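# Chains, contacts and geometry: an overview
If you want the building blocks of each chain, they are given just below.
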Amino acid sequence: NYKHRKIVDETIAKFQDLDHLVLNHGMMPVKPVRDMTPELVEKVLLGNHVSHAMIAKHGLDHLIKSKGQISVMCSTSGTNPGFFSIENSQCSCL
């Protein structure tokens, strides 16, 4: 919880405002779901969903004040780059 608040606080300190929050779901284990342990499933859910909800929660007052918005996208390009990495992540914004 502290690290999520810290991300928002550092952003506000640097830019004085928050008018757009982009949340990118990007953790995906390279193994079949049937081979995933409960601990790995929990790690993926925490990284892809819970952390984004907490960051949005801490940034919400700033977004309301600035009439900002939240964009949610899904791309594993950061950890699995490939030929279509940029194109795929941009398409998810449409």
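Residues numbered from 1 in each chain as written. Predicted model: local features only at pLDDT ≥ 70, side-chain atom pairs only at ≥ 80, totals over all residues. Heavy atoms only, no water.

## Thoughts on the confidence of the model for the protein chain
Confidence in the prediction of the protein chain, expressed as mean pLDDT, is 80, and 78% of residues score 70 or more. For the protein chain, helix α3 (residues 85-91) is the element with the lowest average pLDDT, namely 47, and helix α1 (residues 2-15) is the one with the highest, namely 91. The model gives residues 84-94 a pLDDT under 50, and that stretch makes 7 contacts with residues more than four places away or in other chains. (pLDDT = per-residue confidence, 0-100. Helix = DSSP H or I, 4+ residues; strand = E, 2+ residues; numbered from the N terminus. Contact = heavy atoms within 4.5 Å.)

## Considering the packing of α1 against helix α2 (residues 38-66)
Relative to each other, α1 and α2 sit at 40°, their axes nearing to 8 Å. By the angle between their axes, α1 is oblique relative to α2. In this structure, α1 crosses over α2, and the sense of that crossing is right-handed. Seen from α1, the contacting residues are H4, R5, I7, V8 and I12; seen from α2, they are S51, M54, I55, H58, G59 and H62. Across the contact of α1 with α2, the residue classes break down as 5 nonpolar, 5 polar and 1 charged. (Axes fitted to C-alpha atoms, helices over the stretch in contact; angles between N-to-C directions. Parallel < 35°, antiparallel > 145°, perpendicular 65-115°, else oblique. Left-handed = near helix turned anticlockwise from the far one by under 90°. Nonpolar A, V, L, I, M, F, W, Y, C, P; charged D, E, K, R; others polar.)

## Quick word on α1
Taking 1.5 Å per residue as the helical rise, α1 with its 14 residues ought to reach 20 Å, and the 20 Å between its terminal C-alpha atoms agrees with that figure. Among the residues of α1, those classed as buried are H4, V8 and I12. When α1 is viewed along its axis, its buried side chains cluster within an angular range of 70° and face the same direction. Facing away from the buried side of α1, by more than 90 degrees, are the exposed residues Y2, K3, A13 and K14. After α1 finishes, the residue Q16 shows a positive phi value of roughly 65°. (Expected span 1.5 Å × (residues − 1). Buried < 20%, exposed > 50% of the residue type's maximum accessible area, 1.4 Å probe, protein only. Arc of directions from axis to C-beta.)

## A few points about unusual backbone geometry
Positive phi, normally seen in glycine, also occurs at Q16, with a value near 65°. With respect to the element layout, Q16 can be found in the loop between α1 and β1 (20-25). Residues other than glycine seldom take positive phi values, yet K67 does so here, at roughly 55°. Turning to its location among the elements, K67 is positioned in the loop between α2 and β2 (69-74).

## Here we look at a nonpolar patch on the surface
On the surface, a cluster of nonpolar side chains totalling about 350 Å² of accessible area is made up of L60, I64, I70 and V72. For the nonpolar patch, the elements supplying multiple residues, two or more each, are α2 and β2. Structurally, L60 can be placed in helix α2. (Patch = residues over 30% accessible without salt bridge, like charges linked within 9 Å, V, L, I, M, F, W, Y side chains within 5 Å. Areas by Shrake-Rupley, 256 points an atom, 1.4 Å probe, with all protein chains shown as cover. Salt bridge = Lys/Arg side-chain N within 4 Å of Asp/Glu carboxyl O.)

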